[in-house]
Amino acid sequence: MAYKINDECIACGACESECPVEAISEGDGKYEIDAEKCISCGACASVCPVSAPEEE
């Protein structure tokens, strides 16, 4: 199951550089995860200071 970024996102960018498959990009006011690319590794969730990435 892919991760998604909830509205708690503060757009700090920490998750983007941690994603091994480059599934995360800056969206409108928060970051977004491409569910097609996401491998559900949890790397983004482990570095997020506000726990915005969560499994769908």
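In what follows, the structure referred to is the one given above.
Computed from a predicted structure; not experimentally measured.

Criteria and cut-off values
Residues numbered from 1 in each chain as written. Predicted model: local features only at pLDDT ≥ 70, side-chain atom pairs only at ≥ 80, totals over all residues. Heavy atoms only, no water. Salt bridge = Lys/Arg side-chain N within 4 Å of Asp/Glu carboxyl O. Helix = DSSP H or I, 4+ residues; strand = E, 2+ residues; numbered from the N terminus. Buried < 20%, exposed > 50% of the residue type's maximum accessible area, 1.4 Å probe, protein only. Core = buried A, V, L, I, M, F, W, Y, C linked by side-chain atoms within 4.5 Å. Contact = heavy atoms within 4.5 Å.

A. A look at the pattern of salt bridges. Per the stated rule, a full pass over the model turns up 1 salt bridge. A salt bridge links K30 to D7; its shortest N-O distance comes to 3.2 Å. Of the two residues, K30 is situated in the loop between β2 (24-26) and β3 (31-33) and D7 in the loop between β1 (3-5) and α1 (14-18); the sequence distance between them amounts to 23 residues. Using a relative accessible area of 22% as the deciding quantity, one classes K30 as partly exposed. Residue D7 is classed as exposed on the basis of its relative accessible area of 71%.

B. Molecular detail of unusual backbone geometry. Residues other than glycine seldom take positive phi values, yet S40 does so here, at roughly 55°. Along the chain, S40 turns up in the loop between β3 and α2 (43-47). Look at S51: it is not a glycine, yet its phi comes out positive at around 55°. You can see S51 is positioned in the loop between α2 and β4 (53-55).

C. Fine view of the nonpolar core. Ranked by internal contacts, the top residues of the largest apolar core, which has 14 residues, are I5, C15, I24, Y31, I33 and C44. Mapped by element, the contributors of at least two residues to this core are β1 and β3. Non-local contacts of C44, meaning those with residues more than four positions away in its chain, are made with Y3, C15, I24, I33 and P53.

D. Structural view of the environment of E26. Note that E26 resides in strand β2. A relative accessible area of 57% places E26 in the exposed class. Spatially, the C-alpha atoms of E26 and C38 are 15 Å apart, while their sequence positions differ by 12 residues. Not counting residues up to four positions away in its chain, the partners in contact with E26 are E16 and Y31.

E. Layout of the environment of C9. Considering the arrangement of structural elements, one finds C9 in the loop between β1 and α1. Under the relative-accessibility criterion, C9 is labelled buried at 16%. Linking C9 and S25, residues 16 residues apart in sequence, is a C-alpha distance of 13 Å. Setting aside residues up to four positions removed in sequence, C9 forms contacts with K30, Y31, V50 and A52.

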